[in-house]
Amino acid sequence: MDTIVALFATFPIVFFFSLLFQGIDRKIHARMQKRIGPPIIQPFYDFIKLFNKERMVPVTAASGIFTVAPIIAATVSILGAAIPLVNLITGTSIVGDLILVLYLLAMSSVMVMIGGSSSGNPYGAIGFSRKMTMMIAYEIPMLISIASLSFNPCFSLAYYDVVATQIRMKSLLAFTRLSMAVAATTFLLCMPAAADAVPFDISEAKTEIIHGSLIEYCGPYLALIKLAKDASNFALVFLAATLFFYVPALFEGYVSLGLGGTLCLCLITALIIMLLTITVPRTIFARLKIGQAFKFYWLVPLALSMLCIALSIVGL
Amino acid sequence: MTNGSDDAKEIKEDYTRFRVPFGPLHPALKEPISFRVVVRKEEILDVDIRLGHVYRGIEALAENRNLVQAIYLVERICGICSHSHTTCYTQALEEIGGIQLSERALYLRTLIFELERIHSHLLILGLIGYDIGFDTLFMFCWHVRENVLDLFEEITGNRVHHAMNTIGGVRWDLPHHLIEKVNVSLKKIEKSTKYIYDVFQDKTVEKRLCDIGVLSYNEAQELCVVGPTARGSGVNMDVRRDYPYAAYKELKDRFSVVLRDGADAYTRTEVRIFEIFESINIIRTILDELPNGSIFMEESVLKLMRKIPEGETVSIVEAPRGELLYFVKTDGKGGLRRLKVRTPTLANILSLKPMLIGGEIADIPVTVASIDPCISCANRITIVDNDQSEVRVIGLEDLRRRGRKQWTP
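Each value, and the rule that gives it
- Residues numbered from 1 in each chain as written.
- Chains lettered and ligands numbered in written order.
- Predicted model: local features only at pLDDT ≥ 70, side-chain atom pairs only at ≥ 80, totals over all residues.
- Heavy atoms only, no water.
- Helix = DSSP H or I, 4+ residues; strand = E, 2+ residues; numbered from the N terminus.
- Rg over C-alpha atoms; globule rule 2.2 N^0.38 Å.
- Buried < 20%, exposed > 50% of the residue type's maximum accessible area, 1.4 Å probe, protein only.
- Contact = heavy atoms within 4.5 Å.
- Lys, Arg positive; Asp, Glu negative; His and termini not counted.
- Charge placed at Lys NZ, Arg CZ, Asp CG, Glu CD.
- Pairing = 2+ DSSP bridges.
- Axes fitted to C-alpha atoms, helices over the stretch in contact; angles between N-to-C directions.
- Polar contact = N/O pair within 3.5 Å; in protein donor to acceptor, adjacent residues only side chain to side chain.
- Parallel < 35°, antiparallel > 145°, perpendicular 65-115°, else oblique.
- Left-handed = near helix turned anticlockwise from the far one by under 90°.
- Buried area = accessible area lost by both parts, 1.4 Å probe.
- Salt bridge = Lys/Arg side-chain N within 4 Å of Asp/Glu carboxyl O.
- Core = buried A, V, L, I, M, F, W, Y, C linked by side-chain atoms within 4.5 Å.
- Patch = residues over 30% accessible without salt bridge, like charges linked within 9 Å, V, L, I, M, F, W, Y side chains within 5 Å.
- Areas by Shrake-Rupley, 256 points an atom, 1.4 Å probe, with all protein chains shown as cover.
- Disulfide = S-S within 2.5 Å.
- Phe/Tyr/Trp six-rings, centres within 6.5 Å; stacked < 30°, edge-to-face > 60°.
- Lys NZ or Arg CZ within 6 Å of the ring centre and 35° of its normal.

S.K.: Explain the overall build of chain A here, please?
M.R.: Secondary structure summary: chain A contains 12 helices and 0 strands in total. Counting from the amino terminus, helix and strand elements in chain A follow one another as α-α-α-α-α-α-α-α-α-α-α-α. Since a compact globule built from 316 residues should have a radius of gyration of about 20 Å, the 19 Å found for chain A is in line with a globular shape. The C-alpha extent of chain A, read off along each of the three principal axes, is 60 × 45 × 40 Å. The buried share of chain A, reckoned over its 316 residues, is 58%. Contacts spanning at least 24 positions in sequence make up 81% of the contacts within chain A whose residues lie at least 6 apart. Across chain A, the mean location of the 20 positive side-chain charges is 9 Å away from that of the 14 negative side-chain charges.

See below:
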């Protein structure tokens, strides 16, 4: 019961940090392009402004699905981000919650796809098919890289167990074993696709299919979808930062850091990971085509995840 | 125009095909042009190109104005190659009137012309970057382009519509201290363009541009494409060399025509990048050899205008996008009887069909951008009435009638 209360209490925190991360991402992206860029709190302005706009549902849309999909998408992705945060704060977790988190994040993407394709717009349909293809490409390596955690002794699929093991070993998980390093690489390689960032933003390519699924959304629905995306990006970078690179574990007096210090360190790590896996690629690459992206994911990250399983079985 | 409802019926029976409207409002297109693309999954099966969403009646307007007023009117046909339009128009008038320009005026005309080519090519390079999702390249190209726009402002006082040309000469001289400034800016632009060329050789960019929108040599000749689109397909044509005008008569041996035969979007991009280098060379030559003399005629422009006799001529120039053609017929009283403009985009736009068919949806924006379209001729409005599910087309006559009704008290 307490956990559930804590979960809902974390919602505003997740809301704040996911929009803040998005703001920082946009600012740094702009600076790398020699632009001044929007203020860091621009996503908050955007959210408030969009929420005060008129609600419009196209005549061709299946209005029920069209209106419910953004709400579900936002809720599940915030929940997906809240679970690791609460677990880290309370220091408890249940077995298998990592699978739950990944499921919630995938669910949020699926909801956006369904909402877009229910709009009756052909671009929404193309966006659906492209996102579907992308999900097949990146979800499998991503799931395998998380699942491989449980192949090792003393790790499990419970989120806090992995964190606790890192504290006990006084080391970052990615540097403990070869297989874990491979798993971390796979997870990080899947990040830009999961975050819909260039070069893998094929499903909502602005100049090709006019934002695909988002094309008919406006006002509060669009605000919710954007929030859903930001929250799931935050959840992903936070997961990567705590599962594979739990920096507080390196400090001798772990307890002396306190809750605030621990969280701060985790958030900073998450920010760095976001910069490296989302902001930098989206500044220095051009968008790939769907076939090229699919080929990349099945050639590199999938092969890496297979290697990871093989290494785990051998015991490296 | 094809009947819309019949098309819809035919396509409804085949559920694997989609008809996707691409434009007239689309983030990848800067101007309204519409493609109706029939696709199966990602593959393009058929393309229907529809022009005519921005009819402005410039040719008809020009016939109601005198020759000098029309200079400023034709300048507004395009915001990117405004100087090409006025050059083409004024040199037609000068030919009819038998007016000889001073060498210095011709050289200055050519200088602005080549600066304009640089800024137009940088613009489209940026847009190609934007269309393949490479926003950084887009920002960088436009950042470099600012240098040229600043030069325009210093030389002519305007960034976009320079109002440089007039009958019998140019309106602004190039003082000595500006020559230095132009040289400094050229150095910057040359360095940045080299960098842009490096970026275009990046692997993700090449993946998006190579073997996309292929237009073979034969197709290019059959469709009479012009400019960098033709030169990218190996068609050796350049008005500057073949029919030299302005100062190109003296300069034609001083530059080379960039010719490639890759025939895809990447080659057309490459042609543009190397044309920027050629333009920089031409401008340097012009600055070195700028002759002395007056830049306009002693008589006033209005007097010159009244002296132009009745006559007709065709004038062509090599605009940044290709061959630009004007047919001018004067009435001998300082007015125009007929003005016909053939913009390079009109010559190039048909080549989009063979380029697009067989490609993917993802290739549409970059293929369209690779011919550097600049849409400016049209004749109708389409009205879509959803309640009665019908599509009406209102023709030019109808529009005129409505316009008159609106303005008659």
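S.K.: What am I meant to see in the sheet that holds strand β2 (residues 34–40) of chain B here?
M.R.: By way of backbone hydrogen bonds, the strands of a sheet pair with one another, either parallel or antiparallel. All names here are of chain B. Spatial ordering of the open sheet is given by β1-β2-β3, a layout of 3 strands whose pairing is antiparallel. Sheet topology places β1 (17–22) and β3 (43–50) at the edges, where each strand pairs with a single neighbour. If you compare each strand with its neighbour and ignore which way they point, the axes differ by 20 degrees on average. When β1 meets β2, the two strands line up antiparallel, connected through 6 bridges. Looking at the pairing, V20 lines up with V37 of β2.

S.K.: Sorry, what's going on with the sheet that holds strand β8 (residues 336–342) of chain B here?
M.R.: All names here are of chain B. Within the open sheet, the 3 strands sit side by side as β6-β7-β8. Their pairing is antiparallel. A strand with exactly one partner marks an edge of an open sheet, and here the two such strands are β6 (310–319) and β8. Put simply, the sheet's adjacent strands are angled 10 degrees from each other on average, direction ignored.

S.K.: Explain the side chain of Q91 of chain B here, please?
M.R.: Residue and element names in this part refer to chain B. With respect to the secondary-structure elements, Q91 resides in helix α4 (residues 82–97). There is a polar contact of 3.4 Å between the side chain of Q91 and the backbone oxygen of I316. Every residue in contact with Q91, bar those within four places of it in the chain, is listed here: R109, Y245, A246, S315, I316 and V317.

S.K.: Would you mind going over the packing of helix α3 (residues 67–75) of chain B against α4 of chain B with me for this structure?
M.R.: The geometry of a pair of packed helices is captured by two quantities: the angle between their axes and the separation between those axes. Residue and element names in this part refer to chain B. At a minimum axis distance of 8 Å, the contact between α3 and α4 shows a crossing angle of 155 degrees. With respect to α4, the element α3 is oriented roughly antiparallel. Two packed elements cross with a definite hand, and for α3 against α4 that hand is right-handed. On α4, the residues touching L67, A70, I71, V74 and E75 of α3 are S82, H85, T86, Y89, T90 and L93.

S.K.: What should I look at first to understand the pairing of β6 of chain B in this one?
M.R.: Regular strands show a simple pattern: their side chains alternate between the two faces of the sheet. All names here are of chain B. Taken together, the 10 bridges between β6 and strand β7 (residues 322–331) define a ladder with antiparallel strand orientation. Considered in β7, the bridge of E318 is made with E323. Here β6 folds back onto β7, and the loop between the two strands holds 2 residues.

S.K.: So what exactly am I meant to see when it comes to the interface of chain B and chain A here?
M.R.: A common measure of how large an interface is: the accessible area buried when the components associate. Residue-level contacts link 28 residues of chain B with 24 residues of chain A. Taken over both partners, the interface formed by chain B and chain A buries close to 2,400 Å², and the fraction arising from carbon and sulfur atoms is 59%. Ranking the residues of chain B by area buried against chain A places T136, T204 and R208 of chain B at the top, with a combined share of 18%. The tally of links from chain B across to chain A stands at 1 salt bridge. The interface formed by chain B and chain A holds 7 residue pairs in polar contact (both at pLDDT 80 or more) in total. Among the secondary structure elements, those contributing two or more residues to the side of chain B that touches chain A are β1, α5 (103–131), α6 (135–156) and α8 (203–209) of chain B.

S.K.: How should I be thinking about unusual backbone geometry in this particular structure?
M.R.: Of note, the amide linkage connecting V198 of chain A to P199 of chain A takes the cis form, showing an omega dihedral of 5 degrees. Along the polypeptide, P199 of chain A turns up in the loop between α7 (178–194) and α8 (206–209). Located in the positive-phi region is K34 of chain A, a residue other than glycine, with phi close to 65 degrees. Positive phi outside glycine occurs at A246 of chain B, with the angle close to 45 degrees. With respect to the secondary-structure elements, A246 of chain B resides in the loop between α11 (239–242) and α12 (248–251).

S.K.: Sorry, what's going on with the nonpolar core here?
M.R.: The nonpolar side chains of a soluble globular protein tend to be buried, and buried together. Grouped together as the largest cluster of nonpolar side chains are 98 residues, with contacts concentrated most on Y89 and Y326 of chain B. With 16 residues, α5 of chain B is the single largest residue contributor to this core. When near neighbours in sequence (up to four residues on either side) are disregarded, Y89 of chain B contacts L67, A70, I71, V74, Y326, V328, L336 and L339 of chain B. L88, A137, L172 and L243 of chain A belong to the second largest nonpolar core, which has 97 residues in total.

S.K.: What exactly am I supposed to notice about a nonpolar patch on the surface here?
M.R.: All names here are of chain A. A surface patch of nonpolar side chains, about 340 Å² in accessible area, is lined by M132, I136, I140 and W298. In terms of residues, the nonpolar patch owes the most to one element, helix α5 (residues 122–147), which gives 3 residues. On the secondary structure map, W298 appears in helix α11 (residues 290–299).

S.K.: What exactly am I supposed to notice about the state of the cysteines here?
M.R.: Two cysteines whose sulfur atoms are joined by a covalent bond form what is called a disulfide. Following the criterion strictly, the structure yields 0 disulfides over all chains and no others. C264 of chain A takes part in no disulfide bond, and the closest cysteine sulfur, belonging to C266 of chain A, lies 9.4 Å away. By relative accessible area, which is 48% here, C264 of chain A ends up partly exposed. Counting only cysteine sulfurs, C81 of chain B is the nearest neighbor of C88 of chain B, a cysteine outside any disulfide, at a range of 11 Å.

S.K.: How do you make sense of the environment of E95 of chain B when you look at a structure like this?
M.R.: All names here are of chain B. Tracing the backbone shows E95 in helix α4. We classify E95 as exposed; its relative accessible area is 51%. A C-alpha to C-alpha distance of 9.4 Å links E95 and I308, two positions 213 residues apart in sequence. Setting aside anything within four residues of it in sequence, one finds E95 in contact with T313 and V314.

S.K.: Sorry, what's going on with the pairing of β3 of chain B here?
M.R.: All names here are of chain B. Bridge analysis of β2 against β3 gives 7 bridges, and the strand direction is antiparallel. Across the sheet, residue F35 finds its bridge partner in β3, namely I49. Counting the residues between successive antiparallel strands, the hairpin from β2 to β3 contains 2 residues, one of them, K41, with a positive phi of roughly 50 degrees.

S.K.: Which parts of the structure should I look at to understand the side chain of K289 of chain A?
M.R.: Within the secondary structure layout, K289 of chain A lies in the loop between α10 (254–284) and α11. In this structure, K289 of chain A is in contact with I202 of chain A together with R208, I212, E360, A362 and D363 of chain B, ignoring residues within four places of it in sequence.

S.K.: Help me understand the packing of aromatic side chains, please; the structure alone is not making it clear to me.
M.R.: The geometry of an aromatic ring pair is captured by the separation of the ring centres together with the interplanar angle, meaning the angle of the planes. Enumeration over the complete set of coordinates arrives at 28 aromatic pairs over all chains. Measuring from ring centre to ring centre gives 6.2 Å for F17 of chain A and F234 of chain A, while their planes differ by 10 degrees; the resulting arrangement is stacked. Of this pair, F17 of chain A sits in helix α1 (residues 2–32) while F234 of chain A is found in helix α9 (residues 219–243), placing the two residues 217 residues apart along the sequence. Under the relative-accessibility criterion, F234 of chain A is labelled buried at 1%. Seen from their ring centres, F187 of chain A and F244 of chain A are 5.7 Å apart, and the 50 degrees between their planes marks the pair as tilted. Here F187 of chain A is found in helix α7, whereas its partner F244 of chain A is found in the loop between α9 and α10, with 57 residues between them in sequence. In this structure, F187 of chain A and F244 of chain A share a single accessibility class: buried. An aromatic cluster is defined as three or more aromatic residues linked by ring pairs; in this entry it consists of F15, F16, F17, F21, F44, F47, F51, F234 and F238 of chain A. The aromatic ring of W142 of chain B is capped on one face by R145 of chain B, whose charged end is 5.0 Å from the ring centroid.

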